[in-house]
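Reading the structure
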Amino acid sequence: MIKWTSHLQKYNDCAEPAAEIKISDKKWESETVLITNIEASISVGPEASTCSVEFMTTLPDFRNKSLSLDGDLAKIKLGVEIEVSLGFFVDGTLGRKAEVTTVFVGYVCDIDVKVREGEQVVLTVKGMDAKIWMMPSQIIDLKKGKTKISDVVTDTVNNFIGKIKGKTIKIDGEPTLERLIWQMNESHYEFLCRLAELSGCFFYISLGKLYFTSVSELQSNGVILSPVKGVYEVDVTTSVWGQLKEATHISLDPKDFTKKIKSKVTSSSITKYGDGKAPTSLTSNISASCARSIVDYSISSLAEAKFRSEALFNRTVIDVVQGRFLVDGIPDITVASGLTVSGFGQPTDNSYIITKIQHHCNIKDSDYTTEIEANSSKINPLTASLI
């Protein structure tokens, strides 16, 4: 894991931010059209990852004349690839240099041109990951020959091989399906979101690569946060709202409709993050009345019913602890990675999974911060002393 003190040392205490933008795989090096502000948001949720880059140029007063924009702006076109890298200037053996890491890869989806006072032009370019190309469709399709959800996901994702930079599809404990899956009047995006909900998976794109992975999986070890320089705000909420005592899925046996298929799950299978106690052990009020039973006749085996109940329980329990951490810019982390928080006391100290990252880089004001959102499946109860 990345220790926060090591991060500060690597980037010279995060003193002066640096940024690099590539449009159609070409580095932006204009001396007249300057990058002034960058925002990037990456999430494991169904929403697409996005970026916003602000360019600014000052021209001679063109009021009462025709506006002629800088030729460099013509390089920015709708639908082309955009890549954002962030970091800081550091001192090296050959002098001062920009040390940057890629934080976003996607496609230009919006371009906004704003003219100020007849002299200044501000161009805001917005990007979205490859989910943008999955949204317009509406498909009816029976997924023939696909006996696992991962097979169906792979088949769907393969429609976008030229628009993504690889894929990782890993669904823990998935059963063999005895009934085929329909894509019913859904876009590819809506269909994959539905499959993610059913299977208890995250569906996201990070640095151009598509991930469809169980919520129990960590993609990397992540970072360790402690109360030192550069950690500006720590906000952790623990809540039992919506927590379950048990999750049950019920169906009918397709071989004998007089018999039920039923599977009940009472605990989470998440083991790679979450320290402390499960919410059900904190209060007896999370009782049998806090149960969710779902009747779904598309389920055709006990293994599938169990899988769906575990998925529901896991998706619910990761919301028991939700943290937000505002720190100096850290471009080296990715979503679905681990986050260890220590030295702040209970209930903040815990191990988390990073669910959202927002980079805020104001080049003009020399300010770069990262907002990390992270969740945990277990609670370290509040003690008498916070620190």
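Look up: the structure comes first, before these words.
Residues numbered from 1 in each chain as written. Predicted model: local features only at pLDDT ≥ 70, side-chain atom pairs only at ≥ 80, totals over all residues. Heavy atoms only, no water.

1. Some remarks on the nonpolar core
Note the threshold: Side-chain atoms within 4.5 Å link the members of a nonpolar core, which is a set of buried Ala, Val, Leu, Ile, Met, Phe, Trp, Tyr and Cys residues. Burial classification: accessible surface area is computed with a 1.4 Å probe over protein chains only, and a residue below 20% of its type maximum counts as buried, one above 50% as exposed, and the rest as partly exposed. For this analysis, residues touch if any pair of their heavy atoms sits within 4.5 Å.
I21, V53, F55, I82, V84, F325 and L339 are the most contacted members of the largest nonpolar core, which totals 61 residues. When near neighbours in sequence (up to four residues on either side) are disregarded, L339 contacts M1, N221, V223, L225, F325, N350, S351, Y352, I354, I372 and A374. Counting residues in each nonpolar core, the second largest holds 24 residues, with A130, M134, F191 and C193 among its members.

2. Notes on unusual backbone geometry
Put simply, the test is: The way it works is that DSSP assigns letters per residue, a run of H or I at least four long becomes a helix, a run of E at least two long becomes a strand, and they are numbered from the N terminus.
Note that the residue after Q346, namely P347, is joined by a cis bond; omega there is 5°. The topology assignment puts P347 in the loop between β20 (338-341) and β21 (350-362). Residues other than glycine seldom take positive phi values, yet A336 does so here, at roughly 65°. Considering the arrangement of structural elements, one finds A336 in the loop between β19 (321-328) and β20.

3. Description of the pattern of salt bridges
Rule in force here: Take a side-chain nitrogen of Lys or Arg and a carboxyl oxygen of Asp or Glu: if they are within 4 Å of each other, that pair is a salt bridge.
Across all of its chains, the model carries 16 salt bridges by this definition. Put simply, K143 and D155 hold a salt bridge, and the shortest N to O gap is 3.6 Å. One end of the pair, K143, is in the loop between β9 (139-142) and α2 (149-157); the other, D155, is in helix α2, and 12 residues separate them in sequence. On the basis of relative accessible area, D155 is assigned to the partly exposed category, the value being 30%. The partner of R308 in a salt bridge is E304, with the nearest N and O atoms 3.9 Å apart. Highlighted residues: R308 and E304, both in helix α4 (residues 302-317), separated by 4 residues, approximately one helical turn.

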